[in-house]
Amino acid sequence: DGGITQSPKYLFRKEGQNVTLSCEQNLNHDAMYWYRQDPGQGLRLIYYSQIVNDFQKGDIAEGYSVSREKKESFPLTVTSAQKNPTAFYLCASREGGYNEQFFGPGTRLTVL
Amino acid sequence: GQQLNQSPQSMFIQEGEDVSMNCTSSSIFNTWLWYKQDPGEGPVLLIALYKAGELTSNGRLTAQFGITRKDSFLNISASIPSDVGIYFCAGLGNQFYFGTGTSLTVIP
């Protein structure tokens, strides 16, 4: 089964702690993305990566970090510097040369 | 980053009715995508549009890429209860930009 997996589905964190969200895809897609979704707003881009070992900041990168050591994996770390981290986080991927973007099932992060 | 204007924000319709929603942008896009999202789940791609004026169908769904390349429309015909969810658009310029979503409720 080809697709994008995100884990965990729900994540709880205490203030001041860093937490890493996992995103894996077996679609052999070149590009991967992280978005944040808040109620009443459109998706906002955090980071994206078009090839392994390269990534770019999106519109709201502050307080987040990523790595792209393997083509299939693009983990997102939410650091303690992120002022309002409680949100639904979506990972997406896209095959090079095509304009269709596919999403994973999401991770809901709650900061207690 | 830019967010697309999507309307209506919410719709309450009777089963069997047709639905129309649209997205507008201040920028020109190369591609328009339409997604459906169920609560707590990831969005599912419904339709992709690649050129101005294009009209594409997927079952009871029909979407159009506006002539100006700044808007797109989604129609759902003969709605059924499982159409319930949030529909949103995405436009591709130098990156993807997203609409704020249309929440659809279908009353049996």
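Residues numbered from 1 in each chain as written. Chains lettered and ligands numbered in written order. Predicted model: local features only at pLDDT ≥ 70, side-chain atom pairs only at ≥ 80, totals over all residues. Heavy atoms only, no water.

J.: Lay out the environment of Trp34(A) with the relevant residues and their values.
T.: All names here are of chain A. Along the polypeptide, Trp34 turns up in strand β4 (residues 31–37). Among the residues examined, Trp34 registers a relative accessible area of 0% and is labelled buried. Residues Trp34 and Val66, spaced 32 residues apart in sequence, show a C-alpha to C-alpha distance of 9.1 Å. There is a polar contact of 2.6 Å between the side chain of Trp34 and the backbone oxygen of Phe74. (Helix = DSSP H or I, 4+ residues; strand = E, 2+ residues; numbered from the N terminus. Buried < 20%, exposed > 50% of the residue type's maximum accessible area, 1.4 Å probe, protein only. Polar contact = N/O pair within 3.5 Å; in protein donor to acceptor, adjacent residues only side chain to side chain.)

J.: Requested: an account of the layout of surface pockets, with residues and values cited.
T.: What the largest pocket holds in volume is close to 520 Å³. What lines the largest pocket is a set of 29 residues, and nearest its centre among them are Gln37(A), Pro39(A), Gly40(A), Gln37(B) and Ile86(B). For the lining of the largest pocket, the elements supplying multiple residues, two or more each, are β9 (87–94) and β11 (107–111) of chain A together with β9 (85–92) and β11 (102–107) of chain B. The dominant element in the lining of the largest pocket, judged by the number of residues it contributes, is β11(B), at 4 residues. Here the lining of the largest pocket is composed, by residue class, of 10 nonpolar, 15 polar and 4 charged. (1 Å grid on protein atoms, 1.4 Å probe; cavity = no way out; pocket = protein on both sides within 12 Å on 5 of 7 lines; lining within 4 Å. Points joined across faces, edges and corners; volume = space filled by probe spheres on them. Nonpolar A, V, L, I, M, F, W, Y, C, P; charged D, E, K, R; others polar.)

These values are about where atoms sit, not about what they do.
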